[in-house]
Every structure is written in C-alpha cells, then in structure tokens.
4 protein chains.
Amino acid sequence: MKRPATSPATETTAAPTEGSKAGVRDHAKQEKFQRILDAAVQVIAENGYFNSPVSAIAERAGVADGTIYLYFKSKDHVLRSALDVAFERFHARVKAMLAETGDPRAQLENMARMQLETVAANRPLAILMQTEVRQSAKFYAEFSQHHMVAYMAMMRGVIRAGQEKGVFRAEISDALAAHCIFGALDELVGSWVFSGREFDPQSAAASVLGILLQGMNRKDGE
Amino acid sequence: MKRPATSPATETTAAPTEGSKAGVRDHAKQEKFQRILDAAVQVIAENGYFNSPVSAIAERAGVADGTIYLYFKSKDHVLRSALDVAFERFHARVKAMLAETGDPRAQLENMARMQLETVAANRPLAILMQTEVRQSAKFYAEFSQHHMVAYMAMMRGVIRAGQEKGVFRAEISDALAAHCIFGALDELVGSWVFSGREFDPQSAAASVLGILLQGMNRKDGE
Amino acid sequence: MKRPATSPATETTAAPTEGSKAGVRDHAKQEKFQRILDAAVQVIAENGYFNSPVSAIAERAGVADGTIYLYFKSKDHVLRSALDVAFERFHARVKAMLAETGDPRAQLENMARMQLETVAANRPLAILMQTEVRQSAKFYAEFSQHHMVAYMAMMRGVIRAGQEKGVFRAEISDALAAHCIFGALDELVGSWVFSGREFDPQSAAASVLGILLQGMNRKDGE
Amino acid sequence: MKRPATSPATETTAAPTEGSKAGVRDHAKQEKFQRILDAAVQVIAENGYFNSPVSAIAERAGVADGTIYLYFKSKDHVLRSALDVAFERFHARVKAMLAETGDPRAQLENMARMQLETVAANRPLAILMQTEVRQSAKFYAEFSQHHMVAYMAMMRGVIRAGQEKGVFRAEISDALAAHCIFGALDELVGSWVFSGREFDPQSAAASVLGILLQGMNRKDGE
DNA sequence: CATGAATGAGCGTTCATTCAT
DNA sequence: GATGAATGAACGCTCATTCAT
C-alpha cells in the first residue's frame, strides 16, 4: 500500500488502551508494544522502511504478522510511533536537565551532549532519525511540526535567556542560532552514523560549542 | 525489485553515448535524457522514491515506461544520475568561484551563498538532496564517498588557508569547522524546504557566517 | 526477479512442512499444494511454460496469484515440483514391480507397459514430459541427472541380469539397449500425445518389445 | 507477444521474393537471410527460444533489430524457418541416398548414420531439434505434421520394401518399426547433446541397428 | 533497404493487510 | 488476544514489434 495521501494526524501514538482489567494484562501489552517498536527500529535501520516487510519486523519481535495490526493501525504507524516515543523520551530528559541547570552556556552544552549521547546509545535509532524521518517530504514536514518545532523552541528559549543575561550577543536571531547549533550537531551525527566511526559525545559537544560560541575568527591579540 | 546489494559503482552517469552519427540525434537524446531526469526529480520530490512508480516518472517526462530503460539501467540509476549531475554542476561552479576569490572569509561566505542559492533555484532538487540521498544508509554512504567528501575537502582547504593566513583560529579542527558550517546551512535549507518559507540566500549566508565566524558569545566591551 | 542463474538444486520438492499443529491444517495444505500442481500441469501442457502466466495457473487452481508463492519459491519451481513428484511416483511403482517379477523379459515388458500406462493415465502430464522437460538444455540436463539416470540404471540392471541368465545376447551394451528401448517407447508416446490417437498400452508394449527382442530380421526358416 | 493462437500455416518459409532486379541483389538477400537463420540457431540453442531476445539474434547476425522483420514476419517465424530449412536439407540428402542404394538394410543403416551425422555436424541445430521443436504441444504437432510424417513415410517405405524382399519379418508393423528406429536414435542424440559426450555416428548407427535388426534375444545355438 | 529509438502490453514477484480459526 | 494463510493490487522491468528517418 502506498502511504495514504491524507495522513491520519499522528494521534500521539498512545500505547494500547490501558487502565482496564488487570495490571498484569497491561504490563504484558506494554511489553509487546515495546518489543514491536524495538524490532521495527532495528529492522528498518538495517534495510530502510520500504525494504522492511512487516513480516520481518514481526519475526524480529517474535510475534505473528497479524499481531502487529493489533497494536498499530498500519506499518506506517509503527515507524511514526517509534520515532514519536523516542523523541518524547529525549525531549523529557532535556527538559529535566534544563530545569536543574542555570547557566545558559552550560544548558546549551548539555543539550549538545545529550543529543550526541542519545545517538551514541542507540545506533539503530540514530540511523532512523537520519534516514527514515526524511523518507518523504510529507513525512518530514509532519515530524518537524510535531517534534522539531518543540525542541527548537526549547533551544531558542535558552538562547534568549542567555541574551537577556548578557552572555550571548543580543543582535543574533535566536531561531537562526538554534538552527546552527542543531544543524552542526546533526551533520556530525550523520557523518558518524554512516561511517561507523567512534566518537566521544562529551568532547565532541564541547568542540562544536567551542566553535559556535567563540567563533572561528582569530581574536586580536591572540 | 529491491535495491541490488551491489550497486554498480555509479559510473559517473554519463549521458547516452555521444559523438557519432548526427549532432541532431545527439541533441535529441540529450534532451530526452534531461527531460527524464527533470521529471524524476519532480515526481520523487513530491512523493518520495518508493512512492514514485517508474510509470509516473515516464508520464511526467512524456515518454513510455520502457523508454526510461533506454537511458537508465534501473529506476535506482535515474535517481543516482539526477543527484550526480546536480552535484557535479554545483561542485564545478564552486570550484570556479574559489579560483577567482582570494580572501578565505569571502570564499566561505560565497560557498554558503551558493549552497543556499542552488537550493532556492530548484526546490524539487533541494527536496531530493534533503530526503532521498538519505533514503538508505548504503545509498548515503555511497553518495557521501563520491560527492560530500570532495566538497568537504574543498571547504577544509579554505579553512586551512585561512588559518595559515592568520584569519581563523589555528586550534580549530578544519574538519569539524567544515561540518559545522555545512550542517548549519543544511539544517537551514531543510527547515526552508519543508516549510515553504521564502528566504534570501545572500543575507541568510551572511547571518550564518556571522554566527560561525564571530561566535555567539558577547565580547567584553561590547 | 529473473530466473536465477544458479537454480537451487531442486530440494526434492517436499510438500510444505508437515507434522506440526493439526492434521486438519496439514491436510488442507497438502490439498492446495496438489491443486496448484495439477493446475500447473494442465495449463502448461496446453500453452507451454513460457506462455503460461502464473496468474493462469493460479486461476485454474482457484487461488490468488500470491498464494502460489506460499507453496513454491518461483514459477520455475512449480514445474520442477510437478515433474519431480510425477517421476518419483512412477519410479516407485516400477521399483515395486521389479521386486516381484523374476524373468528379465517380463520385467522389461512390464516396464514398457507401465511407461505407456502412465502416459495414458494422465495426458497433460505426458505432454509436459515430452515438452517442458526439454524447455532448456540446462533444465533437461538437471532433470536427467536426477531422474533419467536413475531410471536408466534400473533398466540396465534388468538387461545385465538377462545377459547373465543367458536370455539376452551378451555382446550387446546394456546402456545402448536401454536407450533403444526407452527411446522407442518415448517416440511412440510422443506421436500419440500430439496426435491424440488412442492406443492400448498393453499391446503396444508387447509389440515394441517384440521388435526389440526378436529383431526385425527374418530368421532363416521362417 | 504471445504465440498467436492461430498459427499462420507455415508458408514453407520461402526466402524473400526472388527473381527480380539483379542476381547480385538476390544473392545479398539470400546471404543475409541465412545469416539471420544461423544466428538464431546459435542464440536459441544457447538460451532457449524465450530467453533469446530478437535483439540478441540481430546482434549475432550483425543486423539491426528491425531488419529481422524485413525477412521474417515474426520471431516465431525465424525459428520455424530455421527448422524448416534444416529439415528440408536433411530430407533431400536422405532422399538422394535412398535413390542410389538398393539393399533395405543398407538403406536403413545409411538413414541412421545420416541422422546421427547431421547432429554431429551442427550441435546447436541438434539442440534446437531436441528442445525447441517441443517448446509447446502446438508447435510440435505442427512440426510433426509437416516434416516428421514425411520422414517417417520414407522410412516405412524402406521397411515395407524389405519385407517384400523377405529380409524383414512380414508380421511387423512398418509404422511401429519406423518409430522404434527413429526413437532409439533420437534418444541417443538427446543423451549425447545434453551430456556433451563425443560419439562416432558410423559405429553408433551400426550398433543401434544391430540391436534392432537382430534383436536382443540370444539365439539358440549361439 | 536498413536502422534503432520508441512503444506499451505483459510478466514474475512482493507484501500490507484481512479474517477465519 | 493471537495467529498466519490468503489475498490481489501494485511494481520494476523486458522485449516483440513498429515506423520515422
């Protein structure tokens, strides 16, 4: 089947109806839900969305093909859910970090480090983020609306706070700066993910922010 | 058919054999070759590679399905060719610009401007560059080997030259800086391409480089 | 997919995995397996392998096109299986007969009769044996290796036994004689199959062996 | 295209219209006609009819694809012509031999030898005779009507003459005996053609006829 | 006559999805 | 709930044949 022209609004991918009969049942359901998601991430990272039959995902998850459709409306929604879930977790962790960090520069560096760490911790998921999110303009636009905008807003808030505190130059557009930071890191992730090279999130984040905060220009007197 | 495991090395996508019979024939062939490429770029930009049947590309190009296969070995090669041709043109233009520009800062800004201009000039192609290049890890790795490495090398050369002339800080890694610049611009392109917003390449390039060269930090005494 | 250059060795065409869940399921599977085989034999006998779309076989079998591929790896394997199954049954029956027949002359005549009977009992299958086995040199060579060699070996064994018992001339090559008998019968089958004429296997077998055993020459004193 | 349901009556495959302008032209035409036929025999023997694109035949013959259709109505007719021409030549040579040979036994042995020689002289053609003639029941039936019947009639005539002269047993059916002889030889040819083994037509013919004339039975007193 | 680019019907095969068990 | 056999639409690609040059 082709991706339907009208995409069904994402529905924030709630895990299957919870809160009914027994907690045991719920737990079993949740567990299978997650197993399918993990299998999908692995299989799709290896072969790409369109070269990953639902049957391959089912097999990796250890369930029957039909079972997938008890948990997800379509193959498409499996991918959406995987990305949604992953992003929401990341988002929550960043939000928590921001709440307990004061200095804008430290906040930015932590965000950078967490972005790279997330990728380093789950390579298949990183591959999905680099490839399948962009599998089509429509999908990407949708994903961006849901998640990227929210993430960028957080980053822009940090930058604006820094500007108000006088640590960042006030004449810089917060939106532009956020794009620059995210883009630089994302590019790094891409080159890492596809080459397979190792790298240290901590120091890589520091290096990138070193460039972006201090600039490439040699200062007079250096 | 699935994407073949061993892809036949790209072959630099020469347009069909030229230089024989009549110039007329050659011209007609070249024209049809290009028409198919353009159609492919449009259709794939709209629907994504896997949701774009060859028949749709053929229809858009105004040729029969089978005709595609007189010019390209496979659907896969149509996409490769489109990307190869586009990149090679871009690469050549950048190279020419570098040859007639002396100042490293001006060189970087021109590169940035040209990257954004290219995208502004051909939105469907920009979409392809943002999406289909990454359609699979394999494809991306291959494309990167062919083109990105070459482009990045050019940029790193400019940065090193600037470091030697003393305009850029010497302690910065040229590779990392190149990734940051490219990534920042690419991210900008992405957000533009998928939102449909307008923007001015010239000033956008200047703004981005403003951040990357001078840094976000407020200088003492400002 | 194209016919793979290396065909995967026939695998003796086991019917789908049996012996698990319920005997009911197994039986249903076996029944469909056989139905597809029968449909294939009929359709291919009528039109030839290459003029028999899989869809035509599926239709005749009363299943969907895709269902064929749940039972067979490829169109190619449907044909192989049909021939393999048919030959193995024939082979087994001949073997059983040989075990309970003593006289070499009677053994030969029974083999001849059974060859003709088999054909008379299933005309479409006979057509396949006369045509599609030879559809390509490769296929034929493969089939011969698997089945013809085994059958010829049985016949040569009978002939050698007859020679040792002194009923057949010792100076005759058993291999050559076997070829002569089989060829004479096969030619008869061919002329029958394609003309549609009726004939009686019993008496035809007797007549052919009458010629081959006693020779065409008039004996002195006759 | 599929083989048309109504086969166009064969038309005895006359070479293109001759007897007009100049003998030179005619000769050139004949030569190209033959070149295409030879190419077809080679290519089809190697790959089978349905795996032999017209373009492959054209290439082997050194002509353009379209040129084939100036000499033959369809791909189908190229094959028919090749077989017709080959058979007619063989038929003529046998006929000439029969005219200058008196003894029925010698006639039969010469026919056998010539059948094997023909095959030994042109292996690709032999492969065609063993395989493509049988590509479908329809084709085979048609070919048989045209050629086999004629050839069998000659052989039956020889056998009947032998019976009248008292050298062959009178109670044998001439038709059956002819089938036996032809079938035995044809089987031999088949086993040779597909195995690639060498063999000597002269002695093989003698051996086969040795069996068929004298019989396999040991005579009393031997 | 000869060419070979163009056509488009047709094929083998895959796989998302359904539904009887 | 879970299964997995069955479906059939859809696809990439081939190639016999035509026809403008």
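These figures come from a predicted structure and were not determined experimentally.

Asks: For this particular structure, what's the right way to read the overall build of chain A?
Replies: When helices and strands are counted, chain A shows nine helices and zero strands. Its helices and strands taken in sequence order, chain A reads α-α-α-α-α-α-α-α-α from the N to the C terminus. Looking at chain A as a whole, 55% of its 222 residues are labelled buried. Contacts in chain A between residues at least 24 apart in sequence constitute 68% of all its contacts with a sequence separation of at least 6. By element, 53% of the accessible surface of chain A is carried by carbon and sulfur atoms, the whole surface being about 10200 Å².

Asks: Looking at this structure, I do not really get the relation of the copies chain B and chain A. What am I missing?
Replies: For the pair of chain copies, the relating transformation is a rotation about an axis with a translation along it. When chain B is fitted to chain A, the residual RMSD is 0.3 Å, and the transformation amounts to a turn of 178° plus an axial shift of 0.1 Å. The two molecules are tied by a two-fold rotation axis, judged by turn and shift. Taking the C-alpha atom as reference, chain B places Gly215 of chain B closest to the rotation axis, 1.8 Å from it. Both copies contact each other with a shared surface, as 89% of the interface residues of chain B are interface residues in chain A too.

Asks: Whenever I open this one, the environment of Asn122 of chain C confuses me. Can you help?
Replies: Relative to the helices and strands, Asn122 of chain C resides in the loop between α5 (104–121) and α6 (123–131). Placed 48 residues apart in sequence, Asn122 of chain C and Ala170 of chain C show a C-alpha to C-alpha distance of 37 Å.

Asks: Even after reading the chapter, I still don't get the relation of the copies chain C and chain D, so can you show me in this structure?
Replies: Mapping chain C onto chain D calls for a rotation angle of 178° and an axial translation of 0.1 Å; the resulting RMSD is 0.3 Å. A share of 88% of interface residues in chain C that are also interface residues in chain D marks the association as one of identical surfaces.

Asks: So what exactly am I meant to see when it comes to the packing of aromatic side chains here?
Replies: Two measures describe an aromatic ring pair: the distance that separates the ring centres and the angle between the ring planes. According to the stated counting rule, one finds 36 aromatic pairs over all chains in the structure shown. Consider the rings of Trp192 of chain C and Phe199 of chain C, whose centres lie 5.2 Å apart with planes at 75°: the pair is edge-to-face. Overall, Trp192 of chain C belongs to the buried group, its relative accessible area being 7%. Among the residues examined, Phe199 of chain C registers a relative accessible area of 22% and is labelled partly exposed. Cluster of aromatic residues (ring-pair linked, three or more members): Phe87, Phe90, Phe143, Tyr151 and Phe182 of chain A. The cationic tip of Lys75 of chain C hangs over the ring face of Tyr49 of chain C; the distance from NZ or CZ to the ring centre is 4.2 Å. Of note, Arg80 of chain C hangs over the ring of Phe139 of chain C, and the distance from its end group to the ring centre comes to 4.9 Å.

Asks: Honestly, the pattern of salt bridges in this entry has me stumped. Any pointers?
Replies: Side chains bearing opposite charge may pair, as long as their charged atoms lie close to each other. Enumeration over the complete set of coordinates arrives at 36 salt bridges over all chains. Taking the shortest distance from any N to any O, the salt bridge between Glu142 of chain A and Arg80 of chain A comes out at 2.4 Å. One end of the pair, Glu142 of chain A, is in helix α7 (residues 137–165); the other, Arg80 of chain A, is in helix α4 (residues 75–99), with 62 residues separating them in the sequence. The two residues Glu142 of chain A and Arg80 of chain A agree in class, both being buried. Across the salt bridge formed by Arg134 of chain B and Asp186 of chain B, the nearest N and O atoms sit 3.0 Å from each other. Here Asp186 of chain B lies in helix α8 (residues 174–195) and Arg134 of chain B lies in the loop between α6 (123–131) and α7 (137–165), a separation of 52 residues in the sequence. Owing to a relative accessible area of 12%, Asp186 of chain B belongs among the buried residues under this scheme. Salt bridges here are not isolated pairs; linked through shared partners, they connect Asp76, Arg80 and Glu142 of chain A.

Asks: Where do I start with the protein's contact with DNA strand E in this structure?
Replies: DNA strand E sits among 33 residues. The nearest are Val54 of chain A, Thr67 of chain B, Tyr69 of chain C together with Lys29 and Thr67 of chain D. Close to the protein, within 4 Å, the atoms of DNA strand E are drawn from sugar and phosphate at a rate of 72%. For DNA strand E, a phosphate oxygen lies 3.2 Å from a polar atom in the backbone of Ala64 of chain D. One of the side-chain nitrogen or oxygen atoms of Tyr71 of chain D is found 3.3 Å away from a phosphate oxygen of DNA strand E. Counting residues per element, the ones that place at least two in the surface near DNA strand E are α3 (65–71) of chain A, α3 (65–71) of chain B, α3 (65–71) of chain C together with α1 (23–47) and α3 (65–71) of chain D. Here the residues of the surface near DNA strand E sort into 16 nonpolar, ten polar and seven charged.

Asks: Teacher, can you tell me more about the domain arrangement of chain A here?
Replies: How big an interface is tends to be stated in terms of accessible area lost as the parts join. All names here are of chain A. For chain A, the assigned domains are domain 1 (19–72) and domain 2 (74–222). Counting residues at the interface gives 16 residues for domain 1 and 16 residues for domain 2. Summing both sides of the interface, domain 1 and domain 2 together bury roughly 1400 Å²; the carbon and sulfur share of this comes to 75%. Linking domain 1 with domain 2 are zero salt bridges. The set of elements that each furnish at least two residues to the side of domain 1 that touches domain 2 consists of α1 (23–47) and α3. With eight residues, α1 is the single largest residue contributor to the side of domain 1 that touches domain 2. Of the residues in the side of domain 1 that touches domain 2, the class split is twelve nonpolar, four polar and no charged.

Asks: Can you walk me through the interface of chain C and chain D in this structure?
Replies: Contact with chain C, which involves 52 residues of that partner, is made by 50 residues of chain D. At the boundary of chain C with chain D, total buried surface from both sides reaches about 4600 Å², with 62% on carbon and sulfur atoms. Per-residue buried area on chain C facing chain D is highest for Arg134, Arg169 and Met216 of chain C; these three make up 18% of the total on that side. Seen at the junction of chain C and chain D, the total is zero salt bridges. Remark: the boundary between chain C and chain D carries 24 residue pairs in polar contact (both at pLDDT 80 or more). Of all the elements in the fold, those that place two or more residues in the side of chain C that touches chain D are α1 (23–47), α5, α6, α7 (137–165), α8 (174–195) and α9 (201–214) of chain C. With twelve residues, α8 of chain C is the largest single contributor of residues to the side of chain C that touches chain D. Of the residues in the side of chain C that touches chain D, the class split is 27 nonpolar, 15 polar and ten charged.

Asks: How should I be thinking about the packing of α8 of chain B against helix α9 (residues 201–214) of chain B in this particular structure?
Replies: Between two packed helices, what matters for the description is the angle formed by their axes and the separation of those axes. Residue and element names in this part refer to chain B. Across the interface, α8 lies against α9 with an axial gap of 11 Å and an inter-helix angle of 140°. Viewed along their axes, α8 and α9 adopt a mutual orientation that is oblique. Here α8 and α9 pass one another in a crossing that is right-handed. When α8 is examined against α9, the residues Cys180, Ile181, Ala184, Leu185 and Leu188 are found in contact with a partner set consisting of Ala204, Val208, Leu209 and Leu212. Broken down by class, the residue content of the contact of α8 with α9 amounts to nine nonpolar, no polar and no charged.

Asks: I would appreciate a short explanation of helix α2 (residues 54–61) of chain C in the present structure.
Replies: Side chains three or four residues apart in an α-helix point the same way, a direct result of the helix having 3.6 residues per turn. All names here are of chain C. Turning to α2, its buried residues are Val54, Ile57, Ala58 and Ala61. Down the axis, α2 shows its buried residues gathered within 100° of arc, on one side only. Count one or two residues on from α2 and you reach Gly62, which has phi positive near 75°.

Asks: So what exactly am I meant to see when it comes to the protein's contact with DNA strand F here?
Replies: Near DNA strand F lie 32 residues; those nearest to it are Thr67 of chain A, Tyr69 and Lys75 of chain B, Thr67 of chain C together with Val54 of chain D. Considering the 4 Å shell around the protein, atoms of DNA strand F inside it are sugar or phosphate in 73% of instances. One of the side-chain nitrogen or oxygen atoms of Tyr71 of chain A is found 3.2 Å away from a phosphate oxygen of DNA strand F. Within the backbone of Val54 of chain D, one N or O atom sits 2.5 Å away from a phosphate oxygen of DNA strand F. Elements with a minimum of two residues in the surface near DNA strand F: α3 of chain A, α3 of chain B, α3 of chain C together with α3 of chain D. Of the residues in the surface near DNA strand F, the class split is 16 nonpolar, ten polar and six charged.

What counts and how
Residues numbered from 1 in each chain as written. Chains lettered and ligands numbered in written order. Predicted model: local features only at pLDDT ≥ 70, side-chain atom pairs only at ≥ 80, totals over all residues. Heavy atoms only, no water. Helix = DSSP H or I, 4+ residues; strand = E, 2+ residues; numbered from the N terminus. Buried < 20%, exposed > 50% of the residue type's maximum accessible area, 1.4 Å probe, protein only. Contact = heavy atoms within 4.5 Å. Areas by Shrake-Rupley, 256 points an atom, 1.4 Å probe, with all protein chains shown as cover. Least-squares fit on C-alpha atoms with pLDDT ≥ 70 in both. Phe/Tyr/Trp six-rings, centres within 6.5 Å; stacked < 30°, edge-to-face > 60°. Lys NZ or Arg CZ within 6 Å of the ring centre and 35° of its normal. Salt bridge = Lys/Arg side-chain N within 4 Å of Asp/Glu carboxyl O. Near = heavy atom within 4 Å. Polar contact = N/O pair within 3.5 Å; in protein donor to acceptor, adjacent residues only side chain to side chain. Nonpolar A, V, L, I, M, F, W, Y, C, P; charged D, E, K, R; others polar. Domains from an automatic or database assignment. Buried area = accessible area lost by both parts, 1.4 Å probe. Axes fitted to C-alpha atoms, helices over the stretch in contact; angles between N-to-C directions. Parallel < 35°, antiparallel > 145°, perpendicular 65-115°, else oblique. Left-handed = near helix turned anticlockwise from the far one by under 90°. Arc of directions from axis to C-beta.

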